[in-house]
Every structure is written in structure tokens, then in C-alpha cells.
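Commentary on secondary and tertiary structure
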Amino acid sequence: DIVVPGIFIAFLAKWDAVKMGEGKSGSFVYLNTTMVAYVLSLITTVSIMLFFNAAQPALLYIVPYVLIASLMVAFSRGEFKELWNYIISEDEEPSTADKHTEDKKDM
């Protein structure tokens, strides 16, 4: 219930960071929106579980909440096509820890 939505939310956080780097966004709009949707989905799951007195699969509620919230933000900002086609590049700068490890290997 955490891993699959977590990967998607991490993708959206990266998207927000890219948009902030381009100067097109001033905050983590997608991340904040989907985190609110995630919390609302958990509240819905627990509420339904208590109302019907039966266990519920949380992903049944988490996935639609998170997807619909992120799609609503993308459509309202006119970024749906760009978000849909976005691929996280593997050509990014390595962190300083990675550079230090690579320097040791060269010795």
C-alpha cells in the first residue's frame, strides 16, 4: 500500500523539481496535491472499513485518488502531455558521494 503509490509520488516530486528548475513552478504542486489525496484515500479506506465492518484493500482507494488528483493538476496547468511523455534521465550528475567512490576506484 506504500510502495506502488510511493514510486508514483516520487516520480511526481522529480517532475516538480524539474519544473522548479525551469522556473515554471515555485513549489511542489504535484507532490503536495498527491500527498493530500493519499491522506484522503487512507481516511476513505478506514471509514469504509469501519462502516462495513470488513477489511478493504487500500489500493482500491489510493490509486484512484492519487491518479485523479495528479491528472487534475496536470490538466489545470496545461502540462498533461508533457507529464505523460516525461522520462527520468539517467544522465544526471552523480552526487558527491558517488564522485568520491569513483575517485577511490580510479586509484
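Residues numbered from 1 in each chain as written. Predicted model: local features only at pLDDT ≥ 70, side-chain atom pairs only at ≥ 80, totals over all residues. Heavy atoms only, no water.

**Looking at the pattern of salt bridges**
For the structure shown, the criterion picks out four salt bridges. For Glu22, the salt bridge goes to Lys19, with nearest N and O atoms at 3.1 Å. Judged by relative accessible area, Glu22 falls into the partly exposed class, the value being 45%. Using a relative accessible area of 1% as the deciding quantity, one classes Lys19 as buried. Among the charged side chains, a salt-bridge network with shared partners connects Lys19, Glu22, Lys24 and Glu82. (Salt bridge = Lys/Arg side-chain N within 4 Å of Asp/Glu carboxyl O. Buried < 20%, exposed > 50% of the residue type's maximum accessible area, 1.4 Å probe, protein only.)

**Considering helix 1 (residues 3-21)**
Residue pairs three or four apart in sequence face the same way in an α-helix, which turns once every 3.6 residues. The first and last C-alpha atoms of helix 1 sit 27 Å apart over 19 residues, in line with the 27 Å expected at 1.5 Å per residue. Among the residues making up helix 1, those that are buried are Pro5, Ile9, Leu12, Trp15, Asp16 and Lys19. The buried residues of helix 1 all sit within an arc of 110° when viewed along its axis, so they share a single face. Exposed and facing more than 90 degrees away from the buried side of helix 1 are Val3, Ile7 and Gly21. Where helix 1 is buried, its residues touch helix 2 (29-52), helix 3 (59-77) and helix 4 (80-85). One or two steps after helix 1, the chain reaches Gly23, where phi turns positive at roughly 80°. (Helix = DSSP H or I, 4+ residues; strand = E, 2+ residues; numbered from the N terminus. Expected span 1.5 Å × (residues − 1). Arc of directions from axis to C-beta. Contact = heavy atoms within 4.5 Å.)

**Some points on the packing of helix 1 against helix 3**
Where helix 1 contacts helix 3, the axes come no closer than 11 Å and their chain directions differ by 15°. Taken as axis vectors, helix 1 and helix 3 run roughly parallel relative to one another. Handedness of the helix 1/helix 3 crossing: left-handed. When helix 1 is examined against helix 3, the residues Pro5, Phe8, Ile9 and Leu12 are found in contact with a partner set consisting of Leu59, Ile62, Val66, Leu67 and Ser70. Its residues placed into classes, the contact of helix 1 with helix 3 shows eight nonpolar, one polar and no charged. (Axes fitted to C-alpha atoms, helices over the stretch in contact; angles between N-to-C directions. Parallel < 35°, antiparallel > 145°, perpendicular 65-115°, else oblique. Left-handed = near helix turned anticlockwise from the far one by under 90°. Nonpolar A, V, L, I, M, F, W, Y, C, P; charged D, E, K, R; others polar.)

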